[in-house]
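One letter stands for each residue in the lines below.
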Amino acid sequence: MNAIVIDAFEFCRSNGSHEGVTPVAEMTRLTKDCADTSGTITWKVEGGTGKMGFPQMKLSVAGTVQLVCQRCLTPYAHTIDSSTLLMLGKDDQQADEIEEMIDDETIDVIVGSRSMAVADLVEDEALLALPHTPKHDVCPDSALLDKAKSEKISPFDALKGLKSE
Ligand SMILES: [Zn+2]
């Protein structure tokens, strides 16, 4: 990924925008949580001005990563599609103040800087978008098991069938 570094405050003030597609393999923190390094993350970051005039960035990530199901321990494709509003404080203290003032849990307040690597922001967002406990909606093994169960006729029913004939 080309290392885009932005002045976060200037980026917001000028309504800047960057977008791109990054291979999962290039996100070393993300791949630690993945079964393999296949896939790509499509991302976009847009600067602007939010509530009460504070600088804010909208960060969106979408893509498919391979995770390991915690129920059956096999890999599966997990689709990420997430966007977050980040507001910028100049330092920890201002970030806390903004958080209190806007009182909005849908917005994360971070400490902005004059040189922020977009790649790091994107990777953070992708990491946050991962499920805490990755798992299949329906595990392939248990789906097979359920099918076998539902098709098996109970011995009792089989016996009843014999008697009635
Ligand atoms: Zn599973």
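Residues numbered from 1 in each chain as written. Predicted model: local features only at pLDDT ≥ 70, side-chain atom pairs only at ≥ 80, totals over all residues. Heavy atoms only, no water.

Participant: Could you give me a rundown of the overall build of the protein chain, with the residues and numbers involved?
Facilitator: When helices and strands are tallied, the protein chain shows six helices and seven strands. Each helix and strand of the protein chain, placed in order from N terminus to C terminus, yields the pattern β-α-β-α-β-β-β-α-β-β-α-α-α. By element, 52% of the accessible surface of the protein chain is carried by carbon and sulfur atoms, the whole surface being about 10300 Å². (Helix = DSSP H or I, 4+ residues; strand = E, 2+ residues; numbered from the N terminus. Areas by Shrake-Rupley, 256 points an atom, 1.4 Å probe, with all protein chains shown as cover.)

Participant: With reference to specific residues and values, describe a negative patch on the surface.
Facilitator: A surface patch of like charges, here negative, comprises Asp91, Asp92, Asp96, Glu97, Glu99, Glu100, Asp103, Glu105 and Asp108. Element by element, the count of residues in the negative patch is highest for helix H3 (residues 92-102), at five residues. Tracing the sequence through the fold places aspartate 91 in the loop between strand S5 (75-89) and H3. According to the relative accessible area criterion, aspartate 91 is partly exposed, its value standing at 37%. (Patch = residues over 30% accessible without salt bridge, like charges linked within 9 Å, V, L, I, M, F, W, Y side chains within 5 Å. Salt bridge = Lys/Arg side-chain N within 4 Å of Asp/Glu carboxyl O. Lys, Arg positive; Asp, Glu negative; His and termini not counted. Charge placed at Lys NZ, Arg CZ, Asp CG, Glu CD. Buried < 20%, exposed > 50% of the residue type's maximum accessible area, 1.4 Å probe, protein only.)

Participant: An account of the coordination of the zinc ion is requested, with residue identities and associated values reported.
Facilitator: Angles between donor atoms at a metal ideally measure 109.5 degrees for a four-coordinate tetrahedral arrangement and either 90 or 180 degrees for a six-coordinate octahedral one. Within the protein, Cys69 (SG), Cys72 (SG), His136 (ND1) and Cys139 (SG) serve as the donor atoms for the zinc ion, at 2.0 to 2.3 Å. Bound by four donor atoms, the zinc ion shows angles of 104 to 119° at the metal and therefore tetrahedral coordination geometry. (Donors = N, O, S within 2.8 Å, 3.2 Å for Na, K, Ca; no water. Tetrahedral: all angles 85-135°; square planar, octahedral: opposite > 155°, others 65-115°.)

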